[in-house]
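Fold and contact review
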Amino acid sequence: NAGVMQNPRHLVRRRGQEARLRCSPMKGHSHVYWYRQLPEEGLKFMVYLQKENIIDESGMPKERFSAEFPKEGPSILRIQQVVRGDSAAYFCASSRRDANQPQHFGDGTRLSIL
Amino acid sequence: GQQVMQIPQYQHVQEGEDFTTYCNSSTTLSNIQWYKQRPGGHPVFLIQLVKSGEVKKQKRLTFQFGEAKKNSSLHITATQTTDVGTYFCAGPTSGTYKYIFGTGTRLKVLA
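Report on the accompanying structure. Counting restarts for each chain, with residues numbered from 1 along the sequence as it is written. A letter from A marks each chain and a number from 1 marks each ligand, given out in the order of writing. Only residues with pLDDT of at least 70 get local features here, since the model is predicted, and only at 80 or more are side-chain atom pairs given and counted; chain-wide, interface and lining totals rely on the full set of residues. To get the side-chain values, all heavy atoms of the structure are used, and hydrogens and water are removed first.

Right, let's talk about the overall build of chain B for a bit. Put simply, DSSP H or I for four residues or longer makes a helix, DSSP E for two residues or longer makes a strand, and each gets a number counted from the N terminus. When its secondary structure is counted, chain B shows zero helices and eleven strands. Helices and strands appear in chain B in the N-to-C order β-β-β-β-β-β-β-β-β-β-β. In this treatment the radius of gyration is a C-alpha quantity, and the globule benchmark scales as 2.2 Å times the residue count to the 0.38 power. Scaling as 2.2 N^0.38, a compact globule of 111 residues should have a C-alpha radius of gyration of about 13 Å, and chain B matches this with 13 Å. A principal-axis box enclosing the C-alpha atoms of chain B has dimensions of 45 × 30 × 20 Å. For chain B, with 111 residues in total, the buried portion stands at 49%. Any two residues having at least one pair of non-hydrogen atoms within 4.5 Å are treated as being in contact. Restricting to contacts in chain B with at least 6 residues of sequence separation, those with at least 24 account for 54%. About 5,400 Å² of surface is accessible on chain B, with carbon and sulfur atoms providing 52% of the total. Between buried and exposed lies partly exposed: a residue is buried under 20% and exposed over 50% of the maximum accessible area for its type, with that area taken using a 1.4 Å probe on protein chains only. Computed by Shrake-Rupley with a 1.4 Å probe, the accessible areas treat only the displayed protein chains as cover when residues are assessed.

Structure follows, in structure tokens:
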């Protein structure tokens, strides 16, 4: 059974470019969460999605950041016009049914902005 | 807004010593989850507590949920080097599906 798959593992972008982070949830999971983690800090909630719906995006910056989870294909976290402060590890997690279930995390994408 | 704090932030112990991390929420939680993140790794689910006063054990790990469902603890007996990592608690915000993660406790075990 494949776990949560995130790609790429590492992504380097120059300031002003776009970053696209992908997440395929575990089989049978229909709920996806995105978190951001700075070095030696905790996990900051960004967005919670179900298929074709954004349920809660209260943790996501209003500008430059967007997320989607289409009917077919992986969930995408998109960061436009990246800045140095966007450098972080971005983790995706998935769960069954509702939020009162264990979250299974992917290996994360380490985003570095030059 | 809701906050979930953990103490201590860091803990260094000698191998074989016990370790405890405490998790405190500013609001009552319907349930609490615990995760472990190894250095350079991703969080891994350990356990979920739901009932007031609930205690669960996993080998050397003991998890407790407070009577008021606002705090929780994780106790490790006789730590081993494999216990190294950061331990996070996480609780759902009221009426939403969003989980707030605690600040984490970073454990180092000295051989």
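That was the structure; now back to the text.
Looking now at the packing of aromatic side chains. Aromatic rings from Phe, Tyr and Trp, with only the six-membered ring used for Trp, were paired whenever their centres fell within 6.5 Å, and each pair was classed as stacked if the ring planes differed by under 30 degrees, edge-to-face if by over 60, and tilted otherwise. Counted by the stated rule, this structure contains 13 aromatic pairs over all chains. Each ring, one from A:Y35 and one from A:F105, has its centre 5.6 Å from the other, and the planes form 40 degrees; the classification is tilted. One end of the pair, A:Y35, is in strand β4 (residues 31–37); the other, A:F105, is in strand β10 (residues 104–105), with 70 residues separating them in the sequence. The class of A:Y35 is buried, set by a relative accessible area of 0%. Aromatic ring contacts, followed pair by pair, group A:Y33, A:Y35, A:F45, A:Y48, A:F91, A:F105, B:Y35, B:F45, B:F88 and B:F101 into a single cluster.

A few words now on the nonpolar core. Among the nonpolar cores identified, the biggest contains 22 residues, and A:W34, A:M46, A:L77 and A:Y90 are the most heavily contacted of them. Listed by contribution, the elements that provide at least two residues to this core are β3 (19–24), β4, β5 (43–50), β7 (65–68), β8 (75–79), β9 (88–95) and β11 (109–113) of chain A. Counting 20 residues, the second largest nonpolar core, distinct from the first, contains B:L49, B:F65, B:I76 and B:V109. Remark: nonpolar core denotes a set of buried residues (Ala, Val, Leu, Ile, Met, Phe, Trp, Tyr, Cys) joined through side-chain atoms within 4.5 Å.

On to the interface of chain B and chain A, then. Accessible area lost on assembly of the parts is the figure often given for the size of an interface. On the chain A side, the residues contacting the 20 residues of chain B number 23 residues. The junction of chain B with chain A conceals about 1,700 Å² of combined surface from both sides, 55% of it contributed by carbon and sulfur atoms. Should a side-chain nitrogen of Lys or Arg be within 4 Å of a carboxyl oxygen of Asp or Glu, the pair is scored as a salt bridge. Between chain B and chain A we count one salt bridge in total. Note that A:E40 and B:R106 form a salt bridge whose closest N and O atoms lie 3.9 Å from each other. Each polar contact in these results corresponds to two N or O atoms within 3.5 Å; when the atoms are within protein, one needs to be able to donate a hydrogen and the other to accept it, and residues that are neighboring in sequence are counted only if both atoms are side-chain atoms. Taken together, the links from chain B to chain A amount to seven residue pairs in polar contact (both at pLDDT 80 or more). Breaking the side of chain B that touches chain A down by element, the ones donating at least two residues are β4 (32–37), β5 (43–49), β9 (85–92) and β10 (99–101) of chain B. Lys, Arg, Asp and Glu make up the charged group, whereas Ala, Val, Leu, Ile, Met, Phe, Trp, Tyr, Cys and Pro make up the nonpolar group; the residues left over, Gly among them, are polar. Each residue belonging to the side of chain B that touches chain A can be placed in one class, and the counts come to nine nonpolar, nine polar and two charged. Buried area: the sum, over both parts, of the accessible surface (1.4 Å probe) that disappears when the two are put together.

Quick look at the pattern of salt bridges now. All names here are of chain B. Evaluation of the coordinates by the stated rule reveals seven salt bridges over all chains. The closest approach of N and O atoms between E54 and K56, which form a salt bridge, is 3.7 Å. When its relative accessible area of 29% is taken as the criterion, K56 is described as partly exposed. A salt bridge links R60 to D83, with the shortest nitrogen-to-oxygen separation between them at 2.9 Å.

Residue position: A:Q103 is located in the loop between β9 and β10. What makes A:Q103 buried here is its relative accessible area of 1%. A polar contact of 2.8 Å, which involves the side chain of A:Q103, links it to the side chain of A:Y35. Not counting the four nearest positions on each side in its chain, A:Q103 is found in contact with A:Y33, A:Y35, A:A93, A:S94, A:S95, B:Q33, B:Y35, B:F45 and B:Y99.

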